[in-house]
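# Results of the structural survey
So the chains spell out like this:
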Amino acid sequence: MIFDSSMATARNRFAHAGGQIKEAYENSDLATGEQVTPTDLVDALEQLLEILERNPVDDPTEAMREEGETAKIGNHVMNFLQDLGVYSDRLELPETTKELQEVAIAVAMWLASWEAPIRTIDMVVNGLGQLANDTGDREELRRILEMMERTAEYAGPEIKADLETTNPYRAWRILLLNTAIVAVRAQYLEGVRRSFERLKRGLPEDAEAFFAEAANQAEEGDYDPEVVELVRSYTAGDQ
């Protein structure tokens with residue numbers, strides 16, 4: 001099923017996830033110290049997600065038209081989701097964490113629709129990677145690829161600067177690699193070209209080894225000849 005990134009669906013997902021977290025937290029002995037509690041975060045996010053739903057890019061309220069407002073509110077939501085995700089993990093709720101990641105994807109697409117920077121991408125990258133792992137359908141993979149590319153396009157400048165190069169698990173690196181993998185799996189030629197070129201620019205130290213492995217996988221798998229040829233061309237230095 002094609003992933004629905006609408007804010008209406010995101011709010012429904014969050015209603016379920018938030019309820020699960022509240023219940024688990026109330027029945028736990030989880031210590032939060034002086035920090036905001038999971039219940040506080042759930043309550044705040046419910047209100048903020050409602051604001052996002054009421055403000056699509058084609059019909060916003062007057063307040064949302066103020067410069068910088070969309071980036072500020074959207075990234076507040078991202079930060080709160082990140083914090084809530086930590087609590088979800090501590091409460092050992094993997095399915096709830098997955099739902100929160102799917103909400104984060106919708107928020108990222110909302111920010112991208114406003115052409116606003118996405119300053120926190122970890123949950124988005126994890127969520128999109130999980131969606132890709134769960135399907136082999138080309139149409140679904142192309143939809144996931146589209147969302148990955150929009151995340152890469154609108155990731156904040158501090159993320160694109162990629163200063164944390166010693167960490168192989170950094171979200172920006174994983175996003176660029178996953179985007180290229182999904183493009184090949186979708187057998188979408190233009191997507192392969194875009195993602196491979198992005199990989200060459202953004203991760204030159206990883207590109208050569210990635211292209212070689214991708215070519216091996218394409219040659220051994222059930223891929224269209226045009227896809228195999230295109231992927232192989234990057235190992236030969238033709239691109």
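My aim in this report is to walk through the structure given alongside it, one point at a time. Please read all numbers here as calculations on a predicted model, not as lab measurements.

Turning to the environment of Glu50, a few remarks are in order. Inspection of the secondary structure assignment puts Glu50 in helix H2 (residues 38–53). Take Glu50: its relative accessible area is 33%, and that puts it in the partly exposed class. Between the alpha carbons of Glu50 and Arg11 there is a distance of 7.4 Å; along the sequence they are 39 residues apart.

For H2, which comprises 16 residues, the first-to-last C-alpha distance of 22 Å matches the rise-based estimate of 22 Å (1.5 Å per residue) to within 8%. Considered for burial, the residues of H2 that qualify are Pro38, Thr39, Leu41, Val42, Leu45, Leu48, Leu49 and Leu52. In this structure, the buried side of H2 is in contact with helix H1 (7–26), helix H3 (69–90) and helix H4 (94–113).

The next point concerns the packing of aromatic side chains. Going through the model one piece at a time under the given rule, you end up with six aromatic pairs. Between Phe196 and Phe211 the ring centres are 4.9 Å apart and the planes differ by 25°, which places this aromatic pair in the stacked class. Here Phe196, found in helix H9 (residues 189–202), pairs with Phe211, found in helix H10 (residues 204–220); they are 15 residues apart in sequence, far enough to count as distant. As far as burial versus exposure is concerned, Phe196 and Phe211 are alike and both buried. Through successive ring pairs, a cluster of aromatic residues spans Phe196, Phe210, Phe211 and Tyr234. In this structure, Arg142 is placed above the aromatic ring of Tyr188, and the distance from its NZ or CZ to the ring centre is 3.7 Å.

All right, on to helix H8 (residues 171–186) then. Helix length check: H8 (16 residues) gives 22 Å between terminal C-alpha atoms against 22 Å at 1.5 Å per residue, within 8%. Among the 16 residues of H8, 12 are classified as buried, and the element is accordingly described as predominantly covered. Among the residues of H8, Ala171, Trp172, Arg173, Leu175, Leu176, Leu177, Thr179, Ala180, Val182, Ala183, Val184 and Ala186 are the ones counted as buried.

Interhelical geometry of H4 versus helix H6 (residues 138–154) gives an angle of 60° and a closest axis separation of 10 Å. With respect to H6, the axis of H4 lies oblique. The way H4 lies across H6 gives a crossing that is left-handed. Counted together, Ile105, Met109, Ala112 and Ser113 of H4 and Met147, Arg150, Thr151 and Tyr154 of H6 form the full contact between these two elements. Taken together, the residues of the contact of H4 with H6 break down into five nonpolar, two polar and one charged.

About the criteria used
- Residues numbered from 1 in each chain as written.
- Predicted model: local features only at pLDDT ≥ 70, side-chain atom pairs only at ≥ 80, totals over all residues.
- Heavy atoms only, no water.
- Helix = DSSP H or I, 4+ residues; strand = E, 2+ residues; numbered from the N terminus.
- Buried < 20%, exposed > 50% of the residue type's maximum accessible area, 1.4 Å probe, protein only.
- Expected span 1.5 Å × (residues − 1).
- Contact = heavy atoms within 4.5 Å.
- Phe/Tyr/Trp six-rings, centres within 6.5 Å; stacked < 30°, edge-to-face > 60°.
- Lys NZ or Arg CZ within 6 Å of the ring centre and 35° of its normal.
- Axes fitted to C-alpha atoms, helices over the stretch in contact; angles between N-to-C directions.
- Parallel < 35°, antiparallel > 145°, perpendicular 65-115°, else oblique.
- Left-handed = near helix turned anticlockwise from the far one by under 90°.
- Nonpolar A, V, L, I, M, F, W, Y, C, P; charged D, E, K, R; others polar.

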